[in-house]
There are 2 protein chains.
Amino acid sequence: MSQNGIVAKDRAGSEIISVDAMGGDLGPGVIIHGLARAIRQHPDVRFMVHGDSETIRRLAARRRLLDRCEIRHAKEMVSMASKPSQVMRHGQETSMWSAIDAVRNGDASAAVSCGNTGALMAVSMMRLRKASGIKRPAIACLWPSRNTSGFNVLLDVGAHIDADRRDLLGYAAMGAYYARSGLGVQRPRIGLLNVGTEDHKGRPEIRAAHELIGSEAQRLNFDYIGFVEGSDIPSAKADVFVTDGFTGNIVLKSVEGTASLIREFMREAFSHTPLSRIGGFFSFTSLRRLTRRIDPRRVNGGVFLGLNGTVVKSHGKADSVGVAAAVNLAVLLARSGGAENLGTGGVLNLAHLAEEHDPESEAEQ
Amino acid sequence: MSQNGIVAKDRAGSEIISVDAMGGDLGPGVIIHGLARAIRQHPDVRFMVHGDSETIRRLAARRRLLDRCEIRHAKEMVSMASKPSQVMRHGQETSMWSAIDAVRNGDASAAVSCGNTGALMAVSMMRLRKASGIKRPAIACLWPSRNTSGFNVLLDVGAHIDADRRDLLGYAAMGAYYARSGLGVQRPRIGLLNVGTEDHKGRPEIRAAHELIGSEAQRLNFDYIGFVEGSDIPSAKADVFVTDGFTGNIVLKSVEGTASLIREFMREAFSHTPLSRIGGFFSFTSLRRLTRRIDPRRVNGGVFLGLNGTVVKSHGKADSVGVAAAVNLAVLLARSGGAENLGTGGVLNLAHLAEEHDPESEAEQ
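Everything numeric in this text was worked out from a predicted model, so none of it was measured. (Residues numbered from 1 in each chain as written. Chains lettered and ligands numbered in written order. Predicted model: local features only at pLDDT ≥ 70, side-chain atom pairs only at ≥ 80, totals over all residues.)

## A closer look at the overall build of chain A
Right, on to step 1. Each helix and strand counted, chain A has 13 helices and eleven strands in total.
Right, on to step 2. Scored against the burial criterion, the 365 residues of chain A give a buried share of 58%.
Right, on to step 3. Restricting the contact set of chain A to residue pairs at least 6 apart, pairs at least 24 apart contribute 73%. (Helix = DSSP H or I, 4+ residues; strand = E, 2+ residues; numbered from the N terminus. Buried ≥ 20, exposed ≤ 12 C-beta atoms within 10 Å, placed from the backbone. Contact = placed C-beta atoms within 7 Å.)

In structure tokens form, the structure reads like this:
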């Protein structure tokens, strides 16, 4: 069982990744193509693919993946317009539900879906349950940075549209765990996103979180560096950037959109004149390295933190390169022990904070 | 007087821009250098420069600007750590106050400051007053985009850390005015930033604003295209992107930071190997055009909308290129009639909405 910390492997010892084939905006063809790409990086990985079995079998045959895929038929799919509450009540026959249940049952070591974020979080929470001590799971993403690991962690990028001070403290602790296990940073530095770095800046709930995270940092084994600004996210100032899911989601997508615009400008610049085309020819490998470095598709994949199981949410519009990046991230997390290391172990237990009066928390318990 | 819509010009008919020389993180030297750069684009412009007169005279002499500058001595300055409320009570002797008062008194047609945003907004609101019908001013910035004008408008990027539905409607109306007068878009398309485009997405106040802006669009002479996502900001989907000042500020700075990182990667890519250096040589003009296009300094300058007077807030860390961009924007707005076109004219009057019960609004009035 995944809950007991045993990572699902096949008889040969390779990881099994559970894949929701029906979730993305671009259809199952792109997702199966992404699996074929992911195999180049992880030749041993195997897949459990959920969705319309006829379609998946045909697509997998075309990509020569039939011997690597176990196909599990699901007759329904979750659309982008589906409300999470509907999916929780009536979604048992969907490919998303089936993909998550494979992790729950220990048949796979991590799940990947390009589907509706709200529904995926709802199904993941219901089927995998929150890890011990976690009030609210979050979605974390990796951000290209000047740090030696090459990445920073940003969370929450969309699990919840608001966050109180205890949620933000929980995100700090989960982000620290992710930086430790995913990026190898022994003592992560945590920053809290705000409109300025001075103590009096920001909304009241941000200032309250600032105090709380500062007072808990020692116990939770990370360094709290205080308020940080948006411009610091790609910097070496901190390893983990904490914010609410509304801000995090809009920031993430804004930067993805702008990086795409810059890539377009680059293509134009190097086809503008005959001279610049010659220049582009001589710079071919440098340009390719550059475009790979700034390609948002290559850091595709938000990780759900705080659950008893690893779930990677790929961008809904991800192409095969993006799907491959999400699958590769799932493999990396599965190998590092997966969600068990991220969500539990007692360190994240914030139960003592619940002693304070908090009607929302009481209602939940 | 500026309030009467008469733009301050000297006897030769050139615009006079009021400049707070002491506000930026990098000191007055960079600001005076920026004025020298701005003159290359606008050879007729004149300046009224506020701050320590000895320092300014010395710096202006070095840049051969003495015959273009009227210097107004101010013995104090606003620091980045100053609280807006303190500056409002005791800031009469600061260079920032003096720079704003020059617009109030009709001695200059627009003001530029690199100083503390909160203090600048507070002083601007107190000295210039809100334009008729405006409940809350906002700060708008231009964003490189795929639209034919080359830019989109994003607001609020930091005037207020929260916004209710009527604030967001006000931002939509002011943003539409800015797109009309600053970008020449006759019927601007307005989008409201959210975590998804479906009607049920987002916080309650965002959904309420969605309904309100939709119902008022016709009367306010713009098209409301509904919810948009962060990835749409550089797109041609809309001309104006509306959000609260907390989200807008963090988004703006995140993208600036990431664009800087990409520029750094580009420099590295083109000095990596001898071959790529040759490539860089052949691509010199293309590369230069590209780096200019993605240089965040060149779109530096947030405009305060909704006041009886034009104020451009430059980035605190702006170098001379950034200061010049902010001054050029101030000249453009002064020539298009300035704040009088942005803030008033009756179209923006949202007084009928105040008839609804709204304790916050009543408390303010």
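## Quick notes on the domain arrangement of chain A
Residue and element names in this part refer to chain A.
Right, on to step 1. You can read the domains of chain A as domain 1 (1-135 + 306-340) and domain 2 (138-299).
Right, on to step 2. Between domain 1 and domain 2, the residue contacts involve 14 residues of the former and 13 residues of the latter.
Right, on to step 3. Elements supplying a minimum of two residues to the side of domain 1 that touches domain 2: α5 (117-128) and α11 (320-335).
Right, on to step 4. For the side of domain 1 that touches domain 2, the leading source of residues is α11, giving four residues.
Right, on to step 5. Here the residues of the side of domain 1 that touches domain 2 are counted per class, giving six nonpolar, five polar and three charged. (Domains from an automatic or database assignment. Nonpolar A, V, L, I, M, F, W, Y, C, P; charged D, E, K, R; others polar.)

## Some points on the environment of tyrosine 171 of chain A
Residue and element names in this part refer to chain A.
Right, on to step 1. Within the element layout of this structure, tyrosine 171 appears in helix α6 (residues 165-183).
Right, on to step 2. Accessibility expressed as a C-beta count within 10 Å gives 35 for tyrosine 171, which makes it buried.
Right, on to step 3. Considering only alpha carbons, one finds tyrosine 171 and glycine 322, 151 residues apart in sequence, at a separation of 25 Å.
Right, on to step 4. With near-sequence residues (within four places) excluded, tyrosine 171 lies in contact with Ala138, Leu155, Asp156 and Val242.

## Focus on the sheet that holds strand β9 (residues 240-242) of chain B
Residue and element names in this part refer to chain B.
Right, on to step 1. One open sheet accounts for eleven strands, arranged β3-β2-β1-β4-β11-β10-β5-β6-β9-β7-β8; its pairing is mixed. Among the strands making up the open sheet, the edge pair consists of β3 (69-73) and β8 (223-228). On average, adjacent strands in this sheet sit at an angle of 25° to one another, irrespective of strand direction.
Right, on to step 2. Strand direction decides the pairing type here: strand β7 (residues 189-193) and β9, joined by three bridges, are parallel. Each residue of the ladder has a partner; that of isoleucine 190, found in β9, is valine 240. (Pairing = 2+ DSSP bridges. Axes fitted to C-alpha atoms, helices over the stretch in contact; angles between N-to-C directions.)

## Describing the pairing of strand β1 (residues 16-20) of chain B
Residues and elements named next belong to chain B.
Right, on to step 1. When you tally the buried positions in β1, you get five out of five residues, the bulk of the element.
Right, on to step 2. Both faces of β1 are covered, namely the face carrying Ile16, Ser18 and Asp20 and the face carrying Ile17 and Val19.
Right, on to step 3. Note: β1 against strand β2 (residues 46-51), five bridges, orientation parallel. Bridging from a neighbouring strand, isoleucine 16 pairs with arginine 46 of β2.
Right, on to step 4. Here β1 runs beside strand β4 (residues 110-113); their pairing, made up of four bridges, is parallel. What sits directly across from isoleucine 17, in β4, is alanine 110.

## So, the sheet that holds strand β8 (residues 223-228) of chain A
Adjacent strands of a sheet form backbone hydrogen bonds with each other and so pair up, either parallel or antiparallel.
Residues and elements named next belong to chain A.
Right, on to step 1. Taken in spatial order, the eleven strands of this open sheet run β3-β2-β1-β4-β11-β10-β5-β6-β9-β7-β8, and their pairing is mixed. With one partner strand each, in any of the chains shown, β3 (69-73) and β8 form the two edges of the open sheet. Going across the sheet, the axis of each strand differs from the next one's by a mean of 25°, ignoring polarity.
Right, on to step 2. For strand β6 (residues 151-155) and strand β9 (residues 240-242), the ladder comprises three bridges, and the chain directions are parallel. Looking at the pairing, valine 153 lines up with valine 240 of β9.

## Here's the deal with the packing of α6 of chain A against helix α7 (residues 204-220) of chain A
Residues and elements named next belong to chain A.
Right, on to step 1. Contact pair α6 / α7: the axes reach a minimum separation of 8 Å and the direction vectors enclose 40°. Here α6 is positioned oblique relative to α7, judged by the angle of their axes. Between α6 and α7 lies a crossing of right-handed hand. Facing α6, whose interface residues are Arg165, Leu168, Leu169, Ala172, Ala173 and Ala176, α7 presents Glu205, Ala208, Ala209, Leu212, Ile213, Glu216 and Leu220. (Parallel < 35°, antiparallel > 145°, perpendicular 65-115°, else oblique. Left-handed = near helix turned anticlockwise from the far one by under 90°.)

## Remarks on unusual backbone geometry
Residues and elements named next belong to chain A.
Right, on to step 1. For the bond from leucine 155 to aspartate 156, the omega torsion is -5°, close enough to zero to count as cis.
Right, on to step 2. Tracing the backbone through its elements, the reader meets aspartate 156 in the loop between β6 and α6.
Right, on to step 3. One non-glycine residue, arginine 129, lies in the positive phi region at around 70°.
Right, on to step 4. Mapping arginine 129 onto the fold places it in the loop between α5 and β5 (138-144).
Right, on to step 5. For arginine 129, a count of 15 C-beta atoms within 10 Å puts it in the partly exposed group.
Right, on to step 6. A positive phi angle is found at asparagine 221, which is not glycine, with a value near 70°.

## What to know about the pairing of strand β5 (residues 138-144) of chain B
Residue and element names in this part refer to chain B.
Right, on to step 1. Burial runs high along β5: seven of the seven residues are buried.
Right, on to step 2. Neither face of β5 is left uncovered, since the one carrying Ala138, Ala140, Leu142 and Pro144 and the one carrying Ile139, Cys141 and Trp143 both have all their residues buried.
Right, on to step 3. In the sheet, β5 pairs with strand β10 (residues 302-305) via three bridges, with the strands oriented antiparallel. Residue isoleucine 139 lies in a different strand from β10, and its bridge partner there is phenylalanine 304.
Right, on to step 4. Pairing between β5 and strand β6 (residues 151-155): five bridges, direction antiparallel. Following the sheet pairing, tryptophan 143 is matched in β6 by asparagine 152.

## Observations concerning helix α11 (residues 320-335) of chain B
Right, on to step 1. The terminal C-alpha atoms of α11 of chain B lie 22 Å apart, and with 16 residues this matches the ideal 22 Å at 1.5 Å per residue to within 8%.
Right, on to step 2. With respect to burial, α11 of chain B is a largely interior element, 14 of its 16 residues being buried. (Expected span 1.5 Å × (residues − 1).)

## Brief notes about helix α1 (residues 28-41) of chain B
Residues and elements named next belong to chain B.
Right, on to step 1. Over its 14 residues, α1 extends 21 Å from the first C-alpha to the last, a length consistent with the 20 Å expected when each residue adds 1.5 Å.
Right, on to step 2. Those residues of α1 that fall on the buried side of the exposure criterion are Pro28, Val30, Ile31, Ile32, His33, Gly34, Leu35 and Ala38.
Right, on to step 3. On its buried side, α1 packs onto β1, β2, α2 (53-62) and α11.

## Comments concerning the environment of leucine 169 of chain A
All names here are of chain A.
Right, on to step 1. Here leucine 169 shows up in helix α6.
Right, on to step 2. Using a count of 28 C-beta atoms within 10 Å as the deciding quantity, one classes leucine 169 as buried.
Right, on to step 3. Distance from leucine 169 to valine 242, taken between C-alpha atoms, is 8.6 Å for residues 73 residues apart in sequence.

## Quick notes on the environment of valine 49 of chain B
Residue and element names in this part refer to chain B.
Right, on to step 1. In this fold, valine 49 is placed in strand β2.
Right, on to step 2. Valine 49 sits eleven residues away from alanine 60 along the chain, and the two C-alpha atoms are 9.7 Å apart.
Right, on to step 3. Aside from chain neighbours lying at most four places away, what touches valine 49 is Val19, Ala21, Ile56, Cys69 and Ile71.

## What to know about the confidence of the model for chain A
Residues and elements named next belong to chain A.
Right, on to step 1. Per-residue pLDDT for chain A averages 85, and the proportion of residues at 70 or more is 82%.
Right, on to step 2. Across residues 1-6, where pLDDT falls below 50, the model places twelve contacts with residues more than four positions away in sequence or in other chains.
Right, on to step 3. A low-confidence stretch, residues 339-365 (pLDDT under 50), is modelled with 39 contacts involving residues beyond four sequence positions or located in other chains.
Right, on to step 4. The ipTM value of the predicted complex is 0.80, and its pTM value is 0.82. (pLDDT = per-residue confidence, 0-100.)

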